[in-house]
There are 2 protein chains.
Amino acid sequence: MPLHSPLLDRLREIFGPAACAADEASRLAYAYDNSRLDALPDAVVFPTGHAQVEALVRACREHRAPLVARGRGSNTTGATVPVAGGVVASFERMNRILRIDPDNRLAVVEPGVLNGDLQKALIAHGFFWPPDPSSAPWCSIGGNLACNAAGPRAVKYGTPRENTLGLRAVAGTGEGFRCGTWTSKGATGYDLTRLLIGSEGTLAVVTEATLKLTPRPSAIRTLRATYRDVDAAARAVARIMAQPATPCALEFIDGVALRLAHDYAPDAGVPLAGALLMIEVDGEPDALPAAAEAVARAARGDGLEELRIARDAVETQALWSARKALSPAQRTIAPDKINEDVVVPVSRLPELVAGIKRLAAQHDVLIVSFGHAGNGNLHVNLLPRDAAERERAHACLAEVFALVVELDGTLSGEHGIGIAKRPFMPLALQPSTLGLMRAVKQAFDPDGILNPGKLLP
Amino acid sequence: MPLHSPLLDRLREIFGPAACAADEASRLAYAYDNSRLDALPDAVVFPTGHAQVEALVRACREHRAPLVARGRGSNTTGATVPVAGGVVASFERMNRILRIDPDNRLAVVEPGVLNGDLQKALIAHGFFWPPDPSSAPWCSIGGNLACNAAGPRAVKYGTPRENTLGLRAVAGTGEGFRCGTWTSKGATGYDLTRLLIGSEGTLAVVTEATLKLTPRPSAIRTLRATYRDVDAAARAVARIMAQPATPCALEFIDGVALRLAHDYAPDAGVPLAGALLMIEVDGEPDALPAAAEAVARAARGDGLEELRIARDAVETQALWSARKALSPAQRTIAPDKINEDVVVPVSRLPELVAGIKRLAAQHDVLIVSFGHAGNGNLHVNLLPRDAAERERAHACLAEVFALVVELDGTLSGEHGIGIAKRPFMPLALQPSTLGLMRAVKQAFDPDGILNPGKLLP
């Protein structure tokens, strides 16, 4: 869809020449995200205030132009690729931390604040914001909210939906609104805050977020356990999650991934085993030994091969070696890896991993599985080494999703849907549920201008 | 609105004579709830399954008859009073615990299960479901979800919105649907689960809930601190909430309430002070002393008069005496008490309590304040002792809500809106926010049959 010139004139009025670009270089720079998909927008704007965003949405609505809000484009699903052209609004310049309020355990931020920058600013106050995607140093809070992005800590501290008190936003109608509260409890009407979180910019454009903060635990202890097979590791995960000392990370790596990391970095001390769990426990110094011991007790059991507890920072680094070597190892083998983040109930993890092994063999595709076992959230990475394998990988993927749904799981734990998983939504959700989601979309964005072509099939 | 006879015939078909009543005695029994407001329904039905509820909603929609779903009617806002007549669906017979699944930290329940019954069933598995309204022994999970009802434990463990994974429900269209997940993480489309929680039966009728369970801590320690004045107590609350050992209860009682409880039960050992905090810390036996000490340290400071730590169950009982005496004391003075549950940011508690004191004097109304200080959620109880004071109390209430909103607070923390607080919604929410809520209502319930006259003004 080409941009009508009257809209471009209006955008220049709203943003001024320094915050509105329609040259090819700028459009190219905002055509893609971390999904490696791309599509050219007609213009790029850089909002710095709420009123500007209201004017922007109204202008796009008047001209029926698509509007894609983006943070830093670190999402893996194509959620910020402007597939229908139109305007990309990059929030990278709307990045002020407006308030840190330790007494009320909250921070108010603009959407362009980087997750890592917020965490740094919170340290002095003794707090943190739990969502910790591995892209934390360069991903924005706005993007985290759009995708309900989480990370290892979610197992203990929850996702953005559990850690956001309120939002300011502009609906697809062009109307600005506030939802949620400045308090940690609220029962005043419908929960629009959580509805917007995870909606990938299809309902409204967020201009401010009030985040719930958590006091920073003063100490952390790291454990590594290897198991004979995935079954034994999954049973240990269930045991760990059934006792009160919930770890702040409970990460799983399957045997295929361990072998890969081991071969890539032979000197890094990566253990070979059927499966590995990385476990972190946090707390106050007085309480930590008992909590770590409770978790270690639960980690022990049939099929445990070795349990190591790090005694200092150097040993902690060493224990994480396998996980650290994993990403570069995958990139070396398959620069074009397909990175999924399916979730199943924790007790179904063995069936999931066994099923993936079967599908990998059947489709002749290399697949490694690792991720946030405490939430049953596995990164199932298909690693095609050539074009033919890439084609087989895509066929295999559909069966992976079918398997996940069969196991009472769902398509995404923390990456969202975007373009990549949109065709599979009818597999995961009933027609009636999808119908209600479409009705909600219609309520917020009657002309369908916000991030068209995403999330809902 | 009189019930058309064809609808009654249809209801008898769906439910059979034993689960459908239109006699006056039955209608009277379901005319009121704990708000002491009442309005007669035209019929009462007792669903026992999802398909039946689908048929019920379809029949009501076809006949444009209001439908009010209710649990045990323990809400205080009139949320289940059938103000427009029509059909009341009481879920008291749809009360099976369908599954307790410790490995996946979840329970699947029908909406009529009593909160207390679920808690009892979970003990054997070492788990609990955090929401703990004081009505827990006789209130239903469905009602808890409808109102986002919480209780003291919310300060550490959250409300139903943080403790529910998924729902099965029937929208106002008559279509059944599932939303949410059976996993502790999910980023697959819009969060309809949280949207339904707290919607007071105005969007859909819940027929099944998948609840997130928390491992039961093995020990608990109780502290009681008295302070010179409310300011000193509020500063202690902020200090307690700013350190990592979050208590599982942090309850506040103001000086007026203490005096009331003291005079009602002179021998119960109720202390007289400017304000009192009841604090509970839970955890594992090894970790508990350190956590209790951290909380005690934070509780100490300028204005502390006395800090007691219970050494056993008898002492714990004694410490809770003031709180225990408070409810009967209020009932004795004012059987017609007006019970609100406003919330403000924790740091604004002193301003709220000072403002309430001012309004109480100005309107010549007895007001006591107590409640969940860790969430800034105070029960502001107006205790009119005669008809004239009752009139003054209602005038005063509007100013209490205005004060709360001025302090960045909101109308309700855990009771919801119902009829009682509906006129005040425009005070708390912008017209644009209310407009979006109305559009969401329209999306779920296009004919406005579900619990009309509630929540949205």
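In this text, all values refer to a predicted model and were calculated from it rather than measured experimentally.

Draft legend 1. Spotlight on the packing of helix α9 (residues 255–264) of chain B against helix α12 (residues 321–333) of chain B. Residue and element names in this part refer to chain B. At their nearest, the axes of α9 and α12 sit 8 Å apart, and the two run at 85 degrees to each other. Judged by the angle between their axes, α9 and α12 are roughly perpendicular. Of the residues in α12, those touching α9 at A257, L258, L260, A261 and Y264 are A322, A325, L326, P328, A329, Q330, T332 and I333. Partitioning the contact of α9 with α12 into residue classes produces 11 nonpolar, two polar and no charged.

Draft legend 2. Inspection of the side chain of H372 of chain B at higher detail. The residue H372 of chain B is located in strand β17 (residues 367–372) in this model. For H372 of chain B, the side chain forms a polar contact with the side chain of H379 of chain B, separated by 3.5 Å. Each residue touching H372 of chain B, except ones within four places of it in the same chain, is listed here: K185 of chain A together with G151, P152, L250, E251, N377, H379 and E414 of chain B.

Draft legend 3. Looking closely at the environment of R385 of chain A. Residues and elements named next belong to chain A. Relative to the elements of secondary structure, R385 occurs in the loop between β18 (377–382) and α14 (387–406). Residues R385 and S218, 167 residues apart in the sequence, show an inter-C-alpha distance of 44 Å. In contact with R385, not counting residues within four places along its chain, are I333 and L366.

Draft legend 4. View of the relation of the copies chain B and chain A. The operation relating chain B to chain A is a screw motion whose rotation component is 180 degrees, with 0.0 Å of axial translation and a residual RMSD of 0.0 Å. Such a combination of rotation and displacement between the chain copies is what one expects of a two-fold axis. Among all residues of chain B, the minimum C-alpha distance to the rotation axis is found for A287 of chain B, at 2.2 Å.

Draft legend 5. Examining the pairing of strand β6 (residues 106–109) of chain B more closely. Residue and element names in this part refer to chain B. Burial along β6 is two-sided: the face carrying L106 and V108 and the face carrying A107 and V109 are both buried. Where strand β5 (residues 97–101) meets β6, four bridges bridge the pair, whose relative direction is antiparallel. By the bridge assignment for β6, R99 is matched with V108. Once β5 ends, the chain turns through four residues before running back antiparallel as β6, passing R105 with a positive phi of about 50 degrees. Here β6 runs beside strand β10 (residues 204–212); their pairing, made up of four bridges, is antiparallel. Residue pairing for β10: A107 is matched across the bridge by L211.

Draft legend 6. Examining the sheet that holds strand β18 (residues 377–382) of chain B more closely. Residue and element names in this part refer to chain B. Strand order in the open sheet formed by seven strands is β15-β12-β14-β13-β17-β18-β16, and the pairing between neighbours is antiparallel. The open sheet is flanked by β15 (304–309) and β16 (338–343), the only strands paired with a single partner. The average angle at which neighbouring strand axes cross in this sheet is 15 degrees, direction not considered. Here strand β13 (residues 249–254) runs beside strand β14 (residues 275–283); their pairing, made up of six bridges, is antiparallel. Residue pairing across strands places F252 opposite L277, the latter belonging to β14. Along the sheet face, α9 touches β13, β14 and β17 and points at about 80 degrees away from the line of β13.

Draft legend 7. How the structure looks around the packing of helix α13 (residues 349–363) of chain B against helix α14 (residues 387–406) of chain B. Residue and element names in this part refer to chain B. At a minimum axis separation of 10 Å, α13 and α14 run at an interaxial angle of 155 degrees. Between α13 and α14, the angle falls in the class roughly antiparallel. The chirality of how α13 crosses α14 is right-handed. Contacts between α13 and α14 involve L352, G355, I356, L359, Q362 and H363 on the former and, on the latter, R392, A395, C396, E399, V400, L403 and V404. Grouping the constituent residues of the contact of α13 with α14 by class yields eight nonpolar, three polar and two charged.

Draft legend 8. A look at the sheet that holds strand β9 (residues 176–180) of chain B. Residue and element names in this part refer to chain B. Here five strands make up an open sheet; going across it, the order is β5-β6-β10-β8-β9 and the pairing antiparallel. One side of each edge strand has no neighbouring strand; the edge strands of this open sheet are β5 and β9. Each strand of the sheet is rotated relative to its neighbour by a mean of 15 degrees, with strand direction disregarded. In the packing of helix α3 (residues 50–62) onto the sheet, contacts are made with β8 (164–171), β9 and β10, and the angle to β8 comes to roughly 45 degrees.

Draft legend 9. Focus on the domain arrangement of chain A. Residues and elements named next belong to chain A. Domain assignment breaks chain A into domain 1 (5–92), domain 2 (95–215), domain 3 (218–332) and domain 4 (334–440). Distance between the C-alpha centres of domain 2 and domain 4: 27 Å. Counting residues at the interface gives 11 residues for domain 2, matched by 10 residues for domain 4. Across the interface of domain 2 and domain 4, roughly 690 Å² is buried in total on both sides, 52% from carbon and sulfur atoms. In terms of surface lost to domain 4, no three residues of domain 2 exceed C147, V155 and E200, which account for 47% of the buried area on that side. At the junction of domain 2 with domain 4, the criterion picks out zero salt bridges.

Draft legend 10. Structural view of the pattern of salt bridges. Applying the stated criterion to the full structure yields 63 salt bridges over all chains. The residue K441 of chain B makes a salt bridge to D445 of chain B at a minimum N-O spacing of 2.7 Å. Accessibility assignment for this pair places K441 of chain B and D445 of chain B in one class, buried. Sharing partners across several salt bridges, the network here consists of R228, D229, D231, R235 and D302 of chain A.

Draft legend 11. Structural detail: unusual backbone geometry. Residue and element names in this part refer to chain A. Phi is positive for R105, close to 50 degrees, though the residue is something other than glycine. Its location among the elements puts R105 in the loop between β5 (97–101) and β6 (106–109). Positive phi is not limited to glycine here, since L455 has a value of about 65 degrees. Among the secondary structure elements, L455 is positioned in the segment after α16 (431–444).

Draft legend 12. Just the interface of chain B and chain A, in detail. In this complex, chain B contributes 81 residues to the contact, which on the side of chain A involves 81 residues. Area buried by chain B at its contact with chain A is led by K185, T188 and Y190 of chain B, which between them contribute 15% of it. Between the two partners, chain B and chain A, sit six salt bridges. In this structure, the salt-bridge partner of E162 of chain A is R194 of chain B, at a minimum N-O distance of 2.5 Å. Counting every contact that joins chain B to chain A gives 38 residue pairs in polar contact (both at pLDDT 80 or more). Those elements giving two or more residues to the side of chain B that touches chain A turn out to be β9, α7 (192–196), α8 (230–241), α15 (425–428) and α16 (431–444) of chain B. At nine residues, α16 of chain B tops the list of elements feeding residues into the side of chain B that touches chain A.

Draft legend 13. A look at helix α10 (residues 288–299) of chain A. Residues and elements named next belong to chain A. The end-to-end C-alpha distance of α10, which contains 12 residues, comes to 16 Å, matching closely the 16 Å that a straight helix rising 1.5 Å per residue would cover. Of all 12 residues that make up α10, nine are buried, and the element is covered over most of its length. Taken residue by residue, α10 has L288, A290, A291, A292, A294, V295, A296, A298 and A299 as its buried positions. The inward-facing, buried residues of α10 abut β12 (219–227), α8 (230–241), β14 (275–283) and β15 (304–309). Where α10 ends, the next residue or the one after it, G301, has phi of about 155 degrees, a positive value.

The rules behind these values
Residues numbered from 1 in each chain as written. Chains lettered and ligands numbered in written order. Predicted model: local features only at pLDDT ≥ 70, side-chain atom pairs only at ≥ 80, totals over all residues. Heavy atoms only, no water. Axes fitted to C-alpha atoms, helices over the stretch in contact; angles between N-to-C directions. Helix = DSSP H or I, 4+ residues; strand = E, 2+ residues; numbered from the N terminus. Parallel < 35°, antiparallel > 145°, perpendicular 65-115°, else oblique. Contact = heavy atoms within 4.5 Å. Nonpolar A, V, L, I, M, F, W, Y, C, P; charged D, E, K, R; others polar. Polar contact = N/O pair within 3.5 Å; in protein donor to acceptor, adjacent residues only side chain to side chain. Least-squares fit on C-alpha atoms with pLDDT ≥ 70 in both. Buried < 20%, exposed > 50% of the residue type's maximum accessible area, 1.4 Å probe, protein only. Pairing = 2+ DSSP bridges. Left-handed = near helix turned anticlockwise from the far one by under 90°. Domains from an automatic or database assignment. Buried area = accessible area lost by both parts, 1.4 Å probe. Salt bridge = Lys/Arg side-chain N within 4 Å of Asp/Glu carboxyl O. Expected span 1.5 Å × (residues − 1).

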